[in-house]
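# Report on the structure
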Amino acid sequence: MPHVAVIGAGVIGVMSAYSLLHSGYTVTLIDPAEPGSARASSFGNGGWLSSSLVLPGAMPGLWKQVPKFLLDPKGPLTIDKWRLPKLAPWLLRFLWNGATESRVRPTAVALSSMVGSCPNLHQEVARQIGAPYLVEASGLLYLYRSREAYAREILPWALRREVGATWTELDEQELRFREPNAPDGYRFGVLVDGGHALDPALFVAEVAKFLFANGVRYVKANALDFVFDVGRLTAVKTDHGQAECDKAVISAGAWSSKLAALVGDRIPMEAERGHHIIISGEGPDLRHPLLLTDRKITVRKVASGTKSTGQVDFSGLDAPANPLRFKVLHELVTEAFPLLGEGPERHVSTWMGRRPSLPDGKPAIGRSRRSADVIHAFGHGHIGFASAPETARLVTRLIRKASEEENAAFSPQRFA
Ligand SMILES: Cc1cc2nc3c(=O)[nH]c(=O)nc-3n(C[C@H](O)[C@H](O)[C@H](O)COP(=O)(O)OP(=O)(O)OC[C@H]3O[C@@H](n4cnc5c(N)ncnc54)[C@H](O)[C@@H]3O)c2cc1C
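Source: prediction; values computed, not measured.

## Considering the overall build of the protein
Within the protein, the regular secondary structure consists of 12 helices and 21 strands. Taking 416 residues into account, the globule formula puts the C-alpha radius of gyration at 22 Å, and the protein, at 21 Å, falls close to it. Dimensions of the protein along its principal axes, counting C-alpha atoms only, are 65 × 45 × 40 Å. Per-residue burial for the protein yields a buried fraction of 57% across its 416 residues.

Written out as structure tokens, the structure is:
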């Protein structure tokens, strides 16, 4: 059986490694950061799993809202104006891809093939590694100020319905019954059927623990290049020597495009940076993870307190976290839940992650231009966790069978 080097130990990397191990391959996992640590986007995300997560980041009408978002200091979008010239081509492509219903519908259909079996595959893996508790049947609840606000989101919910997602609409009374601690001012809810949630860092760390206990080798290093001999891959070159292999998977999240360029593919990648804060101490006793649709933040009870995620910040892959985004998140969540702003002794932990985003809202999964021995598996944007098991399945099939056809919707060559 070939030896596969998986580059990147975020959720896409560890799930690919898991699937490959399961299929009998020898696997080496390469990452300078330990699996489950904060460098990866997979560390601190919302942890939402649902087959309804099929909308691309750009939807019709977004382009009209961009100026308003940028002028609003509490808005969900930040762009570093000095980066604008560099970002503009990607951003225009992103907005163009989301500008019409006819462009976003095929994207939603393609993404539903990635998340349709979610969370069953996550549960299956959690069971197989002996940690079924990792995936919680929490339900996922979208909160609106009113039924009218919900009704205005016609297209997003129509697309979700078209791909088979189902949900229960909750009027105010039903909402208060199901989620007694929903914040004031929200009078309508949508409870997505089959919604689950997990602690993303713990999930990645536990899968990795299983991998290492079952023969997967971990190389704590940065992958730098690929070594070929007469057209066949023989090793991945790292800053700590070479990792011998016959096949490689590039699953380095937002850092992947540099590696992809080494094997002939120019993939337009941007880090859509997002943030979380966790406020320690007593918080609202929430029964479900929530999305406050007007504030565009998620709120969820976690072991260490109340966690809120959200925001999109295009300040670049290497820029440090933007403290203003944490302040804004804190303001938004404490406005909604004043209890979280009370008491002097609260600790607020902060984190910034880089969503690996391609301008058409879909990942790149397929063979590289230079060699069928190198497989791309990156660019999962807002839904990397939900789509990881299906990505891993596709990666394994591409490695197993040279004749395996790629799904054209995810072909890395679509950007050529
Ligand atoms: C605030 C926020 C909320 C989110 N909420 C959700 C959600 O609710 N549900 C959902 O499904 N998704 C969510 N996402 C998206 C999800 O987090 C990402 O899509 C997913 O984590 C991407 O996983 P990945 O493995 O591709 O990349 P990452 O998790 O970023 O992992 C990439 C890894 O590659 C390593 N690496 C980089 N360069 C190299 C190199 N040269 N050599 C070796 N290793 C390298 C890095 O160290 C890193 O560990 C959210 C994201 C954010 C930021």
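That was the structure; now back to the text.
## Re the environment of Arg147
Positionally, Arg147 belongs in helix α6 (residues 147–152). Residue classification places Arg147 among the partly exposed positions, given a relative accessible area of 43%. Through-space distance from the C-alpha of Arg147 to that of Ser42 is 34 Å; in sequence the pair is 105 residues apart. Contacts of Arg147, omitting those with residues within four sequence positions, involve Glu169 and Phe188. Within the structure, the side chain of Arg147 is placed 3.3 Å from the side chain of Glu169, a separation counted as a polar contact.

## Overview of the UniProt feature "domain: FAD dependent oxidoreductase" (unreviewed entry) in the protein
Cross-referencing UniProt, the feature "domain: FAD dependent oxidoreductase" (unreviewed entry) maps to residues 3–398 in the present numbering. Span residues 3–398 is 33% helix and 27% strand, its end C-alpha atoms 14 Å apart.

## Focus on the packing of helix α4 (residues 101–115) against helix α12 (residues 384–400)
It is the contact of α4 with α12, at a shortest axis distance of 7 Å, that shows an interaxial angle of 85°. Classified by the interaxial angle, the pair formed by α4 and α12 is roughly perpendicular. Where α4 abuts α12, its residues Ser113, Met114 and Val115 lie against Ala386, Ser387, Glu390, Thr391 and Leu394. Residues that form the contact of α4 with α12 fall into these classes: four nonpolar, three polar and one charged.

## Comments concerning the nonpolar core
The nonpolar side chains of soluble globular proteins are, as a tendency, buried together. Ranked by size, the top nonpolar core spans 68 residues in total, and within it Val14, Met15, Tyr142, Val207 and Leu211 carry the most contacts. Apart from residues lying up to four places away in sequence, Val207 is in contact with Val14, Met15, Tyr18, Val125 and Ile129.

## So, unusual backbone geometry
Outside of glycine, negative phi angles account for most residues, and trans bonds account for most peptide bonds. The omega torsion of the bond from Cys118 to Pro119 falls at 10°, within 30 degrees of zero and hence cis. Examined against the element boundaries, Pro119 turns out to sit in the loop between α4 and α5 (120–128). Located in the positive-phi region is Val230, a residue other than glycine, with phi close to 45°. On the secondary structure map, Val230 appears in the loop between β11 (223–229) and β12 (232–238). The exposed category is assigned to Val230, whose relative accessible area is 78%. For Lys296, which is not glycine, the phi dihedral falls at a positive 55°. Tracing the backbone through its elements, the reader meets Lys296 in the loop between β16 (290–292) and β17 (297–302). Residue classification places Lys296 among the partly exposed residues on the basis of a relative accessible area of 38%.

## Considerations on the site of the ligand
Contacts to the ligand come from 36 residues, most closely from Asp31, Arg39, Ser42, Gly381 and Ala386. Gly46 is positioned such that a nitrogen or oxygen atom in its backbone is 3.0 Å from a nitrogen atom of the ligand. Between the ligand and the protein, one listed contact pairs an oxygen atom with a backbone N or O atom of Gly384 at 3.0 Å. Considering the ligand on its own, with 1,000 Å² of exposed area, one finds that the protein chains cover 96% of that surface. Mapped onto the shell around the ligand, the elements with two or more residues apiece are α1 (11–22), β15 (270–279), β19 (348–357) and α12.

## Quick look at the packing of aromatic side chains
Any two aromatic rings considered together are summarised by their centre-to-centre distance and by the angle between their planes. On inspection of all chains with the given rule, the structure shows 12 aromatic pairs. Its guanidinium or amino end placed over the ring of Trp96, Arg103 lies 3.6 Å from that ring's centre, counting from NZ or CZ.

## Thoughts on the pattern of salt bridges
The full count for this structure, using the stated rule, is 24 salt bridges. A salt bridge links Asp373 to Lys247; the shortest N-O distance between them is 3.1 Å. With Asp373 in the loop between β20 (364–367) and β21 (374–378) and Lys247 in strand β14 (residues 247–250), this residue pair connects regions lying 126 residues apart in the sequence. One salt bridge in this structure joins Lys301 and Asp285, with 2.5 Å as the shortest N-O distance. Placement of the pair is Lys301 in strand β17 and Asp285 in the loop between β15 and β16, with a sequence separation of 16 residues. Here Asp285 falls in the partly exposed class, since its relative accessible area comes to 45%. If you follow the salt bridges from partner to partner, you end up with Lys74, Arg295, Lys327, Glu331 and Glu335 in one network.

## A look at the side chain of Thr28
Along the chain, the position of Thr28 falls in strand β2 (residues 26–30). Leave out the neighbours within four places in its chain, and Thr28 touches His3, Val4, Ala5, Val6, Arg217 and Val219.

## Thoughts on α12
Compared with the 24 Å implied by 1.5 Å per residue over 17 residues, the 23 Å span of α12 between its first and last C-alpha is a close match. Where α12 bends most, at Glu390, the angle is about 35°. Along α12, 14 of the 17 residues are buried, which leaves the element largely enclosed by surrounding structure.

## As for the environment of Pro89
Within the secondary structure layout, Pro89 lies in helix α3 (residues 84–97). Along the primary structure Pro89 and Pro359 are separated by 270 residues, whereas in three dimensions their C-alpha atoms are 9.6 Å apart.

Criteria and cut-off values
- Residues numbered from 1 in each chain as written.
- Predicted model: local features only at pLDDT ≥ 70, side-chain atom pairs only at ≥ 80, totals over all residues.
- Heavy atoms only, no water.
- Helix = DSSP H or I, 4+ residues; strand = E, 2+ residues; numbered from the N terminus.
- Rg over C-alpha atoms; globule rule 2.2 N^0.38 Å.
- Buried < 20%, exposed > 50% of the residue type's maximum accessible area, 1.4 Å probe, protein only.
- Contact = heavy atoms within 4.5 Å.
- Polar contact = N/O pair within 3.5 Å; in protein donor to acceptor, adjacent residues only side chain to side chain.
- UniProt positions renumbered as here; feature names shortened; annotations may be inferred.
- Axes fitted to C-alpha atoms, helices over the stretch in contact; angles between N-to-C directions.
- Parallel < 35°, antiparallel > 145°, perpendicular 65-115°, else oblique.
- Nonpolar A, V, L, I, M, F, W, Y, C, P; charged D, E, K, R; others polar.
- Core = buried A, V, L, I, M, F, W, Y, C linked by side-chain atoms within 4.5 Å.
- Near = heavy atom within 4 Å.
- Areas by Shrake-Rupley, 256 points an atom, 1.4 Å probe, with all protein chains shown as cover.
- Phe/Tyr/Trp six-rings, centres within 6.5 Å; stacked < 30°, edge-to-face > 60°.
- Lys NZ or Arg CZ within 6 Å of the ring centre and 35° of its normal.
- Salt bridge = Lys/Arg side-chain N within 4 Å of Asp/Glu carboxyl O.
- Expected span 1.5 Å × (residues − 1).
- Bend = angle between axes of the 7 residues up to and from the residue.

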